[in-house]
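Observations on chain architecture
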Amino acid sequence: MKRLHAMECVTLLPIVLGLTQFWLCLSISPKVHHLRDANRKYQSPHRVKRGWVWKQFFVFEELEVTQRVYVGQLKSDADKQDGSYKYVLTGDGAGELFTIDEHTGDIHVIKKLDREEKASYTLRAQAINRYTNLPMEPESEFIIKVQDINDNAPQFLQGPYTASVPEMSAEGTSVIQVTATDLDDSNYGNNARLIYSLLNGQPYFSVEPKTGIIRVSSQTDREAQEQYYVIIQAKDMVGQMGGLSATATVTINLSDINDNGPKFQQKLYHLSVLESAPLGSYVGRIMADDSDIGENAEMKYIFEEGDGLNYFDIVTDNSTQEGIITLKKAVNYESKRKYNVRVKAINRHTDERYPFEDIATVKISVDDADEPPFFIAPEYMMEIREGAIPGSYVGAVSARDQDNANSPIRYSIVRSRHSQRVFSIDALNGTISVAKPLDREIAAWHNITVRATEAKNMAQFAEVMVYVGVVDVNDHAPEFARRYDTYVCENAKMGQVIQTISAVDKDEPVEGHRFYFKDVAEARNNSNFTIRDNKDNTASVLTHRDGFSYNEQHTFFLLVVIMDNGNPPLSSTSTLTISVCHCDADGNEQSCHRGTSFFSVGFNNGVLVAVLGCLFMLIVLVLLALAVRQRRKLSQFAEKGEGFRENIVRYDDEGGGEEDTEAFDIAELRTHPVMRTQKKRRQITTEIQSLYRMSLRLGPDSDVFREFIKEKLHEANTDPCAPPFDCLHMYAYEGAGSSAGSLSSLESFHSDLNLTHDDIAMWGPRFSELAAMFRPKETQETQAKNM
């Protein structure tokens, strides 16, 4: 084996990776002799060992690579430097990050590396014969490590921090530990070695440089400052110059300890109470302050001495920590008018290190007043069984007048405008009774207000709440819990469970519900199904035979009797509808006849008969009403015939015929005509024409009517908005539909004045007056003179 020079071993740090075999190099014709010699050596029983040599196997991260950076050299000790060796590099980053000179074995990095992304790269080197491409050495694996630099600052990943420590804690008490992390290599140099320091929080807190534990360094008082903001700095490079740093804020709250005692706001309190105040009445409040918070500030007040100890009591209001003084025994203005008591305030939760208390004096004056009556109890609780008949006794309230024990009291129930009269009260003795039957299922509780009023002074009254609970009575039978959609497969076997049923009850028994299920005794022997009580308020429906046929019967009805455990017990009979279905092999329905039945919703037989009876009676009543109405229509106005019309309009003059239902308004006829601007009519092919005729003798205003009708005729002929068909309003003329026939040919008076008196006279005596209108003018003047 070839030996390396000592200087080369020291400077290049060679590492022998393994034994190598000598491969004969095939070359072109000038190299044939070398190939033969190599073959003879290869076939020799004594093999020659070869080895790899390289100089460097690490590179610094974050190098700005503007051109190739030399990393190291890979070289085989068998390389004669004759150009026959070719070096090839494979593995992590080969070709992308690292390149190798195939002649010299020099390795270069061509891109910037980041140790935090990848700390080392494993590569493989291969020496092959340039001419034959055969390996000259076994493949060798080596590692290029990325050398760390301080390019990452510390980080507090768990911040911001919050901690709590009791006030007055001893120095050195641990508060919290903060930890920072550094992504740099902790195994190389000082890049990831951190030092902690305190930037803000002195002199009350300190931090251990290496561990980051924050400790109390001076005594703290929550009452002076409750919260502190401590800033911790973590710096790498062991705090040396050039190191990177980060900060974190730690919020430290001081928890309270009972280091402060109660202090009364004043040493002397003046209170007053009416002599008519009922027992337990509020007298006044006193207050002691405590700088602590939470349970450390909870107070307890005690009467120590004084002549009012037997008459007054004091309790603590837990929400405000005030002392509430109440009346314990009745006072009388005429017998004693002032009382004195001494009150001590102490903490409810005492601390042996801080035994605090404070004392104050309370003076209570008794005021004289005309007191209203007061009830013996602050409220009343009563009970009554549901269904109790009106007049049943419920309970009694009692009130009295302190000014005069013999003063009569009158009782009444305060009712709102919309409240129902459910209870009544005896005005003299306060006895409450039922005014109407009660139903617990509608209302389980009734809250009423009873008023007591002095009979001699109606302005003095008091009120009290009375709560009446309705005691349940077993008055509702159980029924199905829901509507069941039950089916049985045609291939069902005997004893197979096809449905599990349960029940509900509107009642609420004291011992809880207990339901019992069974089938009807009459149908038990012939039933296709049976009921099995599971004794857990459920029952199972089982088949009573094998096989069912959809074609024979597609629906069955099973009567189920459900009984409760009330006193007395009640039961109901419900019907379960069971459909026969075609099922698959797993018992899943495929096709069914879903029969809808009244029974399936839980109606018993009595209810069903009542419902059907009501429907039948309703149908009969409707039919009778229709028959009577039809008879009345046939009998009323029977003599009128088919031509009779219901809307009859009566006229006092000769108007239109049976089809004329619009009478003219005499006031409208006296008005001036409305003048319209004449416009050219659009697509009107039929000219509206009218025959100008005189009406019956209309009295002194007949000239006015004639002028009016002339104007209306002119408007009808010239109005561009008139419809292109004959629809004229008839004024004082025979209209269409008259039994005498129409007297109008709808021709304009400009074109149909050819009618003469003789023509009209031929129509008969009924038209004699109309014929007179067409009599020659000379004849008319002669007749007028003769008259």
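Quantities reported herein were computed from a predicted structural model and do not represent experimental measurements.

With that settled, consider the overall build of the protein chain. Tallying secondary structure elements over the protein chain gives 8 helices and 41 strands in all. Within the protein chain, contacts between residues separated by at least 24 positions form 66% of all contacts whose residues are at least 6 apart in sequence. Accessible surface for the protein chain amounts to roughly 47,900 Å². Of this, 52% is attributable to carbon and sulfur atoms.

Sheet architecture is open: 4 strands sit in the order β16-β18-β21-β20, paired in antiparallel fashion. Of all the strands in the sheet, the pair left with one neighbour each is β16 (263-264) and β20 (312-317). Where strand β18 (residues 282-289) meets strand β21 (residues 322-327), 5 bridges bridge the pair, whose relative direction is antiparallel. The residue of β21 that forms the bridge with Met287 is Glu322.

Close approach of charged atoms lets side chains of opposite charge pair. The full count for this structure, using the stated rule, is 17 salt bridges. Of the charged contacts in the structure, one is a salt bridge between Lys267 and Asp358, with a shortest N-O distance of 2.7 Å. Of this pair, Lys267 sits in the loop between β16 and β17 (268-274) while Asp358 sits in strand β23 (residues 357-367), and the two are 91 residues apart along the sequence. Among the residues examined, Asp358 registers a relative accessible area of 9% and is labelled buried. One network of salt bridges, in which partners are shared, links Glu304, Glu305, Arg342, Lys344 and Glu357.

Next up on the list: the state of the cysteines. Tallied over the entire structure, the rule returns 1 disulfide. With its sulfur 2.1 Å from that of its partner, Cys489 forms a disulfide with Cys583. With the S-S bond torsion at -85°, the cross-link from Cys489 to Cys583 turns out left-handed. Of the two residues, Cys489 is situated in strand β34 (residues 486-489) and Cys583 in strand β40 (residues 571-583); the sequence distance between them amounts to 94 residues.

What follows deals with the sheet that holds strand β13 (residues 213-216). Spatial strand order, β10-β13-β12: 3 strands in an open sheet with antiparallel pairing. Both outer strands of the open sheet, β10 (174-177) and β12 (205-207), are each paired with one neighbouring strand and no more. Strand-to-strand, the axes of this sheet are offset by a mean angle of 25°, without reference to chain direction.

With that out of the way, let us pick up the environment of Asp106. Note that Asp106 resides in strand β6 (residues 106-109). Taking C-alpha positions, Asp106 is 9.1 Å from Tyr87, a pair spaced 19 residues apart along the chain. Excluding anything up to four places from it in sequence, Asp106 contacts Tyr70, Gly72, Gln73, Thr99, Ile100 and Asp101. For Asp106, the side chain forms a polar contact with the side chain of Thr104, separated by 3.1 Å.

Interpretation of the predicted coordinates at a detailed level should be avoided for regions scoring low in pLDDT. Confidence along the protein chain averages 75 in pLDDT terms, with 72% of residues attaining 70 or more. Segment residues 745-752 is flagged for pLDDT under 50; beyond a separation of four residues in sequence, or across chains, it makes 17 contacts in the model.

For the rest of this paragraph, the subject is the pairing of strand β7 (residues 120-129). Of all 10 residues that make up β7, 7 are buried, and the element is covered over most of its length. Of the strand pairs in this sheet, strand β4 (residues 85-91) and β7 are connected by 7 bridges, and their pairing is antiparallel. Within β7, the position partnered with Val88 by the bridge is Gln126. Pairing of β7 with strand β8 (residues 140-147) involves 6 bridges; the strand directions are antiparallel.

The subject of this paragraph is a nonpolar patch on the surface. Where nonpolar side chains cluster on the molecular surface, the patch consists of Leu618, Ile619, Val622, Leu623 and Leu626 and spans about 490 Å² of accessible area. Summarising the element assignment, Ile619 is placed in helix α3 (residues 605-635).

Turning to the packing of aromatic side chains, a few remarks are in order. Tallied over the full model, the rule gives 15 aromatic pairs. With a centroid separation of 5.3 Å and 70° between ring planes, the pair formed by Phe98 and Tyr121 is classed as edge-to-face. Remark: Tyr121 occurs in strand β7 and Phe98 occurs in strand β5 (residues 98-100); sequence separation between them is 23 residues. On the basis of relative accessible area, Tyr121 is assigned to the buried category, the value being 7%. Between Phe375 and Tyr380, the ring centres sit 6.4 Å apart and the planes meet at 75°, which makes this aromatic pair edge-to-face.

Here we take up the side chain of Ser169. Along the polypeptide, Ser169 turns up in the loop between β9 (161-166) and β10. A polar contact of 2.4 Å, which involves the side chain of Ser169, links it to the backbone oxygen of Pro166.

To continue, consider the environment of Lys235. Mapping Lys235 onto the fold places it in strand β14 (residues 227-235). Expressed as a C-alpha distance, the spacing of Lys235 and Ala153, which sit 82 residues apart in the sequence, is 7.9 Å.

Turning next to a negative patch on the surface. Taken together, the side chains of Glu334, Asp367, Asp368 and Asp370 present a region of like negative charge at the surface. Tracing the sequence through the fold places Asp370 in the loop between β23 and β24 (374-375).

Right, let's get into the environment of Phe548. Of note, Phe548 is situated in the loop between β38 (538-543) and β39 (555-563). With relative accessibility at 5%, the residue Phe548 sits in the buried group. For the pair Phe548 and His582, spaced 34 residues apart in sequence, the C-alpha to C-alpha distance is 9.8 Å. Among residues more than four places away in sequence, those in contact with Phe548 are Val488, Cys489, Glu490, Ala492, Asn528, Phe529, Thr543, Phe556 and Val580.

What follows concerns the side chain of Asp358. A polar side-chain atom of Asp358 sits 2.7 Å from a polar atom in the side chain of Lys267. Excluding its chain neighbours within four sequence positions, the residues that come into contact with Asp358 are Pro262, Lys263, Phe264, Lys267, Val343, Lys344 and Ala345.

Here is what the cut-offs are and how they apply
- Residues numbered from 1 in each chain as written.
- Predicted model: local features only at pLDDT ≥ 70, side-chain atom pairs only at ≥ 80, totals over all residues.
- Heavy atoms only, no water.
- Helix = DSSP H or I, 4+ residues; strand = E, 2+ residues; numbered from the N terminus.
- Contact = heavy atoms within 4.5 Å.
- Areas by Shrake-Rupley, 256 points an atom, 1.4 Å probe, with all protein chains shown as cover.
- Pairing = 2+ DSSP bridges.
- Salt bridge = Lys/Arg side-chain N within 4 Å of Asp/Glu carboxyl O.
- Buried < 20%, exposed > 50% of the residue type's maximum accessible area, 1.4 Å probe, protein only.
- Disulfide = S-S within 2.5 Å.
- Axes fitted to C-alpha atoms, helices over the stretch in contact; angles between N-to-C directions.
- Polar contact = N/O pair within 3.5 Å; in protein donor to acceptor, adjacent residues only side chain to side chain.
- pLDDT = per-residue confidence, 0-100.
- Patch = residues over 30% accessible without salt bridge, like charges linked within 9 Å, V, L, I, M, F, W, Y side chains within 5 Å.
- Phe/Tyr/Trp six-rings, centres within 6.5 Å; stacked < 30°, edge-to-face > 60°.
- Lys, Arg positive; Asp, Glu negative; His and termini not counted.
- Charge placed at Lys NZ, Arg CZ, Asp CG, Glu CD.

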